[in-house]
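Geometric and topological summary
So you can see what is in the structure, the chains are spelled out below.
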Amino acid sequence: MRRKRRSQAHEETINHERWLISYSDFVTLLFAFFVVLFASTYRDNQAIRKLSKAIHNGFQTMGAFSQDGPPTTSEFDRSPDRLQTDETGLRKPATGSVADMQTLRKQLEVALGKELKNHEVVLQVTPEGFTISLKELGFFDSGQATLLPGAAAKLKKIAKVLSRPGLEIRVEGNSDNQPIHNNQFRSNWELSAARAMNVLLLLVDDAGFDPRNISASGYGEYRPVADNATSDGRKMNRRVDLVVVQARDTSGITDSISSTTKPAH
């Protein structure tokens, strides 16, 4: 009887441990499953990186714009198509395709060949959109907001290229960080705003640009593109930028207002 009980106890112990075999098989399969998931995710990331690199190289091969110093942003290294509109639809970059951007670039290079060569104008693509940077050298006297003789003709050439449906221009005045105190302006902020406003008025009044698609602002010394510690850097910061973005679509807003104000019958 004792031998029988011992053998039964031994068999029961063995039966209790057999679940470990199934458990180990389950753990192995679970590990293999997560390895497959990881490999799939890693492969997708590699494909995305390759695609991003190909797009980046494609924009670089389009040719660089003229610049009057060390570039702060590689031109065409970011496609404006990648800049997404926000939920209100008030923020969309200019031009829809690479072909349109290339055409715009070529037209401006032809129209502003002399100005580009003299470093009076710089063309570049920034996170804000397609930017035409007007340097102080060819458009303003130091500390003044009045346009120089000949500046109007240059702006009219720019307006002729940009006067097309679907484009909106933001005129942004900028300055270096050197203090200014004269009879006209108490700060660089006032100077930059006055310069931007004078450029806007010329584009609208003399060049016939649609006033519904243009705005002006002054940023003073607070949006530098170069180091203000050097004279070359300060020269680059004294500028008026024409930022080209896609005109916002207000038709939906207009329709909404019309429907809410329509009198009941």
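We now turn to the structure provided with this report. (Residues numbered from 1 in each chain as written. Predicted model: local features only at pLDDT ≥ 70, side-chain atom pairs only at ≥ 80, totals over all residues. Heavy atoms only, no water.)

**Quick word on the overall build of the protein**
When helices and strands are tallied, the protein shows eight helices and five strands. Going from the N terminus to the C terminus, the protein shows its helices and strands as α-α-α-α-β-β-α-β-α-β-α-β-α. Long-range pairs, those at least 24 residues apart, make up 66% of the contacts in the protein between residues at least 6 apart in sequence. (Helix = DSSP H or I, 4+ residues; strand = E, 2+ residues; numbered from the N terminus. Contact = heavy atoms within 4.5 Å.)

**Re the pattern of salt bridges**
Applying the stated criterion to the full structure yields nine salt bridges. We note a salt bridge from Arg238 to Glu136, for which the minimum N-O separation is 2.7 Å. Separated by 102 residues along the polypeptide, Arg238 in the loop between helix 7 (231-237) and strand 5 (239-246) and Glu136 in the loop between strand 2 (129-135) and helix 5 (151-162) bring together distant segments of the chain. Residues Arg186 and Glu190 are paired through a salt bridge, measuring 2.8 Å at the closest nitrogen-oxygen approach. Residues participating in the shared-partner salt-bridge network are Glu136, Asp176, Arg195 and Arg238. (Salt bridge = Lys/Arg side-chain N within 4 Å of Asp/Glu carboxyl O.)

**Describing the nonpolar core**
In this structure, Ile132, Leu134, Leu155, Leu162, Val171, Val199 and Leu242 are the most contacted members of the largest nonpolar core, which totals 33 residues. Broken down by secondary-structure element, the contributors of at least two residues to this core are helix 3 (98-111), strand 1 (121-126), strand 2, helix 5, strand 3 (167-174), helix 6 (188-206) and strand 5. Excluding its chain neighbours within four sequence positions, the residues that come into contact with Leu242 are Phe130, Thr131, Ile132, Leu134, Ile158, Ile169, Arg170, Val171, Val199 and Leu203. (Core = buried A, V, L, I, M, F, W, Y, C linked by side-chain atoms within 4.5 Å. Buried < 20%, exposed > 50% of the residue type's maximum accessible area, 1.4 Å probe, protein only.)

**Looking at unusual backbone geometry**
A positive phi angle is found at His119, which is not glycine, with a value near 60°. Within the secondary structure, His119 is located in the loop between helix 4 (113-117) and strand 1. Look at His119 and you get partly exposed, because its relative accessible area is 35%.

**Quick notes on helix 5**
Because an α-helix packs 3.6 residues into every turn, residues spaced three or four apart end up facing the same way. Compared with an ideal rise of 1.5 Å per residue, which puts 12 residues at 16 Å, helix 5 spans 17 Å between its outermost C-alpha atoms and is within 8% of the ideal. Turning to helix 5, its buried residues are Ala151, Lys154, Leu155, Ile158, Ala159, Val161 and Leu162. Taken end-on, helix 5 shows its buried residues confined to a sector of 160°, consistent with a single buried face. (Expected span 1.5 Å × (residues − 1). Arc of directions from axis to C-beta.)

**Some words on the side chain of Lys154**
Structurally, Lys154 can be placed in helix 5. Apart from the residues lying within four places of it in its own chain, the contact partners of Lys154 are Leu112, Glu115, Glu120, Gly138 and Phe139.

**Things to note about the side chain of Asp176**
Checked against the element boundaries, Asp176 lands in the loop between strand 3 and helix 6. The exposure class of Asp176 is buried, given its relative accessible area of 6%. At 2.8 Å, the side chain of Asp176 and the side chain of Arg238 are in polar contact. Excluding its chain neighbours within four sequence positions, the residues that come into contact with Asp176 are Asn188, Glu221, Asn228, Arg234, Asn237 and Arg238. (Polar contact = N/O pair within 3.5 Å; in protein donor to acceptor, adjacent residues only side chain to side chain.)

**Focus: the pairing of strand 4 (residues 214-218)**
Strand direction decides the pairing type here: strand 3 and strand 4, joined by five bridges, are parallel. Residue pairing in the sheet places Glu172 in a bridge with Ser217 of strand 4. With helix 6 bridging strand 3 and the parallel strand 4, this β-α-β connection has right-handed handedness. (Pairing = 2+ DSSP bridges. Right-handed = clockwise from strand over helix to strand, strands pointing away.)

**Focus on the packing of aromatic side chains**
Going through the model one piece at a time under the given rule, you end up with one aromatic pair. Seen from their ring centres, Trp189 and Tyr222 are 5.3 Å apart, and the 55° between their planes marks the pair as tilted. With Trp189 in helix 6 and Tyr222 in the loop between strand 4 and helix 7, the pair connects residues that are 33 residues apart, well separated along the chain. The exposure class of Tyr222 is exposed, given its relative accessible area of 55%. Above the face of the Phe139 ring, Lys154 is positioned so that its terminal group lies 5.2 Å from the ring centre. In this structure, Arg223 packs its charged tip against the face of Tyr219, placed 3.8 Å from the ring centre. (Phe/Tyr/Trp six-rings, centres within 6.5 Å; stacked < 30°, edge-to-face > 60°. Lys NZ or Arg CZ within 6 Å of the ring centre and 35° of its normal.)

**Some remarks on the pairing of strand 3**
On any regular strand, side chains alternate: one points to one face of the sheet, the next to the other face. Most of strand 3 is tucked away: eight of the eight residues are buried. Residues of strand 3 alternate between two faces, with Leu167, Ile169, Val171 and Gly173 on one and Glu168, Arg170, Glu172 and Asn174 on the opposite face, all of them buried.

**Examining helix 6**
For helix 6, spanning 19 residues, the distance from its first C-alpha to its last is 26 Å, which sits close to the expected 27 Å at 1.5 Å a residue. Of the positions making up helix 6, those classed as buried are Asn188, Leu191, Ser192, Arg195, Ala196, Val199, Leu200, Leu202, Leu203 and Val204. Count one or two residues on from helix 6 and you reach Gly208, which has phi positive near 75°.

Such coordinate-based values are descriptive only and should not be taken to indicate function.
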